[in-house]
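# Architecture and fold: a report
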Number of protein chains: 2
Amino acid sequence: MQSSDKEIVSKVQHKIDFKTKPLGALGQLEEIALKIATIQQTLSPELTNPHLVVFAADHGIAKSGVSKYPAEVTPQMVLNFVYGGAAINVFCKQNGLNLKVVDAGVNFDFEENLPIIRQKIGYGTKSFLTDSAMAMDELEQCLAKGRELVNQISAENCNVIGFGEMGIGNTSSASVLMSKICQLPINECVGRGTGVDDEGLKHKISILTEAINFHGNINAPFEILSTFGGFEIAQMVGAMLQAAENKMLILVDGFIATSAFLVAHAIEPNILDYAIACHQSDESGHKKMLNYLNISPILQLSLRLGEGTGCALAYPLIQSAVNFLNEMASFESAGVANAVDSSSVNSKQSAVIN
Amino acid sequence: MQSSDKEIVSKVQHKIDFKTKPLGALGQLEEIALKIATIQQTLSPELTNPHLVVFAADHGIAKSGVSKYPAEVTPQMVLNFVYGGAAINVFCKQNGLNLKVVDAGVNFDFEENLPIIRQKIGYGTKSFLTDSAMAMDELEQCLAKGRELVNQISAENCNVIGFGEMGIGNTSSASVLMSKICQLPINECVGRGTGVDDEGLKHKISILTEAINFHGNINAPFEILSTFGGFEIAQMVGAMLQAAENKMLILVDGFIATSAFLVAHAIEPNILDYAIACHQSDESGHKKMLNYLNISPILQLSLRLGEGTGCALAYPLIQSAVNFLNEMASFESAGVANAVDSSSVNSKQSAVIN
């Protein structure tokens, strides 16, 4: 994967600095505008046909009581997505994102007429407490299917894509991936998920410690992913890698989506050039993931929902970054004065700021 | 001013808690939804005809070198607003806010045909270094004109309104208002505004200290406002008070707009029931203002621009709060299971979360 070509950066920065505002006054929106313009290699970037893809799958580890909810709610929530009743439906509809729902490996047979993208690898992973979550050929299928789907969406003139997930037990999977990739003790990577209590949290840490000890020394990203991942997480890894290769902007959601991004980043560090962290989740551990990647989230709304909701909610702000770059008057275009270059003051029509 | 009637709160909270998501999983959006529903006294609130009003005025204190920019840029930026080239134009257009620009006291005669609301009290305030910024009757005019404008806008079926400002020197005014209302030493209330350097900052603190000492013991909100305020700030105070009386949702922007809100709050503490802090500015001091008011901002994007940009950028998230409350499936409406009340489990169509 190529790093994005940085030659254009100084030109974009010049365009940003000569907008009618004090230097740097649009804060994080300026960084976002710079990133998107650099990905697209243009001073006038555009976001086209934005998509949000939710990958769903079940997890063998859910049988060990690591979640507050039984595995049955994975298909139930998939149906809620399909019928339009979930939070992600509401936010995608509001902000104009095209929502796709993928069965990456749910333990349920959905009716054929439902608008679900069928990429089922199996009826849930094996429990990584006693087994590898998936076989290496299943992982390869996941990566290939994730990539293929992104290519199809990319062909529909989409250049910005967010990824969400649904899968009871997947905060456990994400915690172990984080622990392995970031090389942090598991207790720093485990949180309450959908809301386990103190005892539940203790149990979750104990189960995950047992699993990590069982598998011993595993360090290669693909091996970590096949051993502890989920079908939805692995498909997301493939999807993220392909999105970056297609020079699309990747919207990174919460704890689980970021665990997928951590794996993708371990495989291809340049993926960071193509990604924006949309929201810092309330799930403890997510902040440390973002610190590890050295990226700042756009939002901190104490969400802990997943589904891609952070991406859908942050989208208008990303659009705002593009819009100010394209639409605000510049000192040059308006022939107005500027603190950056006060030699070009035109007293009649100069315009700056309070 | 009445506090909003809290009897409905438990019903709204019940509606929020029975949406198809874990309890509290939408974080700050849940608090916003609860506030708006309580203001509007309905389980199905709506945001109608949103407005953003930018008040502009000049400040006598600007002559003392407290800003990086000369006072001439106040009218220049007003013209930039009128011609659609400023950041606030771009964000209001994107997010569907109706933008109004008010001349509250700019030191300039704008052409009559320009779409500027004429509420000029004078050609800028007097310098509060040696004088009261405005006379008490000028303050009364400001408050009345701010109120009247909000009533006009309210009559157009608007129930959500943000306020922005433009006025070279107005961070100085806002800093002193903050110091007086929050009873904090002036050096904790002064920041770099549009970007003064270390020496400029020292000078700004020294000038403001001199001004505070000159006026001596002033504690009543209206007296603080007339002595140290600006015409745009005072009109904003009147506008905010009227908006709350009309049971509109008030969107609070950055450092200067929040200084107006501090004064309004000192006059009518119940105004907090009607307000949302949209953005925590990078201007040092703003965080302390929000702490004093005990409100959490929606955004922290390191903006330091004013103009109401924080309000316009936060608006889609406020709309998202309303939308999830109105549009998400509930456990009851969908007949699905819920962790809050697991006795009503319907195994066929239950839907919860990962």
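We now examine the packing of helix H5 (residues 136–155) of chain B against helix H9 (residues 231–245) of chain B. If you want to describe how two helices pack, look at the angle between their axes and the distance between the axes. Residue and element names in this part refer to chain B. Where H5 contacts H9, the two axes come as close as 7 Å, and the packing angle between them is 45°. By the angle between their directions, the pair H5 and H9 is classed as oblique. By crossing handedness, the relation of H5 to H9 is classed as right-handed. Packed against H5, whose contacting residues are Glu138, Leu139, Cys142, Leu143, Lys145, Gly146, Arg147, Val150 and Asn151, the element H9 presents Phe231, Ala234, Gln235, Val237, Gly238, Ala239, Leu241, Gln242, Ala243 and Glu245 at the interface. Each residue belonging to the contact of H5 with H9 can be placed in one class, and the counts come to 10 nonpolar, 5 polar and 4 charged.

This part is about the packing of aromatic side chains. Each aromatic ring pair is specified by the distance between its two centres and by the angle formed by the two planes. Residues and elements named next belong to chain B. By the definition in use, this model includes 6 aromatic pairs over all chains. With a centroid separation of 5.5 Å and an interplanar angle of 75°, the aromatic rings of Phe128 and Phe228 are classed as edge-to-face. On the criterion of sequence distance, the pair formed by Phe128 in the loop between strand E3 (117–118) and H5 and Phe228 in helix H8 (residues 221–228) is long-range, its members being 100 residues apart. Judged by its relative accessible area of 1%, Phe128 falls in the buried class. On the basis of relative accessible area, Phe228 is assigned to the buried category, the value being 0%.

Moving on, we come to the domain arrangement of chain A. Residues and elements named next belong to chain A. Domain boundaries in chain A define domain 1 (3–46 + 322–346) and domain 2 (51–317). Placing the centre of domain 1 and that of domain 2 at their C-alpha centroids yields a distance of 35 Å. Tallying the contact residues gives 11 residues for domain 1 and 13 residues for domain 2. In this assembly, domain 1 packs against domain 2 so that about 1,000 Å² is buried in total across both faces, 53% of it on carbon and sulfur atoms. A salt bridge links Lys6 to Asp273; the shortest N-O distance between them is 2.9 Å. Summed over the shared surface of domain 1 and domain 2, the result is 8 residue pairs in polar contact (both at pLDDT 80 or more). The residue makeup of the side of domain 1 that touches domain 2, split by class, is 4 nonpolar, 4 polar and 3 charged.

Scoring rules and cut-offs
Residues numbered from 1 in each chain as written. Chains lettered and ligands numbered in written order. Predicted model: local features only at pLDDT ≥ 70, side-chain atom pairs only at ≥ 80, totals over all residues. Heavy atoms only, no water. Axes fitted to C-alpha atoms, helices over the stretch in contact; angles between N-to-C directions. Helix = DSSP H or I, 4+ residues; strand = E, 2+ residues; numbered from the N terminus. Parallel < 35°, antiparallel > 145°, perpendicular 65-115°, else oblique. Left-handed = near helix turned anticlockwise from the far one by under 90°. Contact = heavy atoms within 4.5 Å. Nonpolar A, V, L, I, M, F, W, Y, C, P; charged D, E, K, R; others polar. Phe/Tyr/Trp six-rings, centres within 6.5 Å; stacked < 30°, edge-to-face > 60°. Buried < 20%, exposed > 50% of the residue type's maximum accessible area, 1.4 Å probe, protein only. Domains from an automatic or database assignment. Buried area = accessible area lost by both parts, 1.4 Å probe. Salt bridge = Lys/Arg side-chain N within 4 Å of Asp/Glu carboxyl O. Polar contact = N/O pair within 3.5 Å; in protein donor to acceptor, adjacent residues only side chain to side chain.

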